Every structure is written in C-alpha cells, then in structure tokens.
Amino acid sequence: MTNEKRRRILTLTLNPAMDVFVHVDQLYAGTLHRASEFRKNPGGKGINVSKALKAFGTSTVAAGFIGGHNGDWIESELDNEGISTRFIRIAEETRMNVKVVEAQGKLTELNSPSPGLEAGDWSRLEEMLEQIGGENSWIAFCGNLPGNGPPDWYEKMIHRCHKLGINVAVDTSGEALQKAIRAKPDFIKPNIEELEELTGKNIATIEEAATAAKELAET
C-alpha cells in the first residue's frame, strides 16, 4: 500500500442526487416561468466533501450507490473533475432534486424520493469497503440513509472501520446519528437542531453549543 493511498479520504454518499438549479426572478405558483439560469451538479453530502478535498489537494474517493442515466452522469462529472469513484450500481434510477433560486436568494427545493435498495446492494457495498477501506486514512459517512436503510448501518460500519484502523467522520441525522454515536466515531458534524436532539438541551448561544458539544464528546 502506498503512502499516498493511506492518506486518502473516502467519502460515502448512500443517497446521492443530480441537483438541478433553476434561477428565476420570482417564483409564482401555477404560472409559467422563464429561467435565467439552469445548471446541474452532482449532489450529496459526501460528494460535496470529496469536491472540497479535491480543491485543497487532498486525495479522495467518492463512493456510494448510483443507478440509471442520472448515476452515469454523476460518475462522469466526478471523473471530469478528477475525483476517483467506487460506486455500487443499483437497479433504480438515482434521484433528481430541483432547486428553484429566486433573485432575492430565496430557495425552494423539490426533492425526489430515494431509490429502493435490495439486500444484495448493501452486501456489495460492505464488501467494497472491506476491500479498499484500509487504503484510506479516513472514511466520511455522509447524509441520510435511503428509505429502507437499516438504521444501525452506520454504527455497524464504524465498528468495522475502527477494527481496520480507519478514522471515521459522520454527518447524518435522526435515528441513524443516534445509533452511530454509540460506536464512538472520531468526528461528527451535528447542526444545532441535531445537537439539541442528541443532548436534550435547548441551545441559544455559541457558548451553550460549545458546552453541549463538549459534554457529548465526553460521554
């Protein structure tokens, strides 16, 4: 294993999307709009982390589930950006999310439902992580689980990663986050609402957020 590979950071996006941004002067329900700008981006928290890492010159691999033409497009775009990928192909189409941006900056989002996954999809992803996981110094588990995802999946994979000597970062929410922290990941990134849910505290100031985060880290 080369030192370059061992310094690499693998990001995992289980529920990526083709994000379509449509810019209009103002959004009016039930009327025709002529967009001033229309663009597409590969979307998903882990994919965004890989983009940032690439921009800072850090070796990274983007992984997760993709399917159909949208999945092909995401993989092609990341390849064009020089980001390595190890996606698991699924039968259903990767979702498309539409984000309408008004001139004043107001954002309206229309997110598609998650594609369905089969038991074999999860097994193939876990096999891939076992095969290449040890080549990475960190694995970042990012985003919500697909609709039929086991709520303890992140927790289970954190234990596996630690046995391989891999550091783990987690950026998710809800039950998946609550179960993930039981496996003591090396880093988590909760927002205020998630930190309140994890600690049972009302947080109104930076000082309260820092205190709650410290208490959570010490548990």
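Residues numbered from 1 in each chain as written. Predicted model: local features only at pLDDT ≥ 70, side-chain atom pairs only at ≥ 80, totals over all residues. Heavy atoms only, no water.

Enquirer: Even after reading the chapter, I still don't get the overall build of the chain, so can you show me in this structure?
Expert: For the chain, the count of helices and strands is eight helices and 10 strands. Taking 17 Å as the expected radius of gyration for a compact globule of 219 residues, we find that the chain reaches 19 Å, a close match to that expectation. Over its C-alpha atoms, taken along the principal directions, the chain stretches across nearly 55 × 45 × 35 Å. The burial tally for the chain puts 42% of its 219 residues in the buried class. Restricting the contact set of the chain to residue pairs at least 6 apart, pairs at least 24 apart contribute 62%. Roughly 11800 Å² of accessible area belongs to the chain as shown, and the carbon and sulfur atoms make up 50% of that amount. Both charge centroids of the chain, one from 25 positive and one from 32 negative side chains, sit 4 Å from each other. (Helix = DSSP H or I, 4+ residues; strand = E, 2+ residues; numbered from the N terminus. Rg over C-alpha atoms; globule rule 2.2 N^0.38 Å. Buried < 20%, exposed > 50% of the residue type's maximum accessible area, 1.4 Å probe, protein only. Contact = heavy atoms within 4.5 Å. Areas by Shrake-Rupley, 256 points an atom, 1.4 Å probe, with all protein chains shown as cover. Lys, Arg positive; Asp, Glu negative; His and termini not counted. Charge placed at Lys NZ, Arg CZ, Asp CG, Glu CD.)

Enquirer: Can you help me understand the pairing of strand E8 (residues 136-142) in this one?
Expert: In summary, the side chains of a regular strand alternate between the two faces of the sheet. With six of seven residues buried, E8 is to be regarded as a mostly interior element. The pairing of E8 with strand E9 (residues 167-171) spans five bridges and is classified as parallel. Opposite Trp138, over in E9, you have Asn167 as the bridge partner. This β-α-β element, E8 to helix H5 (residues 153-163) to E9, shows right-handed connectivity. (Pairing = 2+ DSSP bridges. Right-handed = clockwise from strand over helix to strand, strands pointing away.)

Enquirer: Explain the side chain of Arg8 here, please?
Expert: By the element assignment, Arg8 lies in strand E1 (residues 8-13). Residue Arg8 is classed as buried on the basis of its relative accessible area, which comes to 12%. A polar atom in the side chain of Arg8 sits 2.8 Å from the side chain of Glu135. There is a polar contact of 2.8 Å between the side chain of Arg8 and the side chain of Asn136. Contacts of Arg8, omitting those with residues within four sequence positions, involve Ser59, Thr60, Val61, Ile132, Glu135, Asn136, Ser137 and Trp138. (Polar contact = N/O pair within 3.5 Å; in protein donor to acceptor, adjacent residues only side chain to side chain.)

Fair warning: the whole summary comes from geometry, so function is off the table for now.
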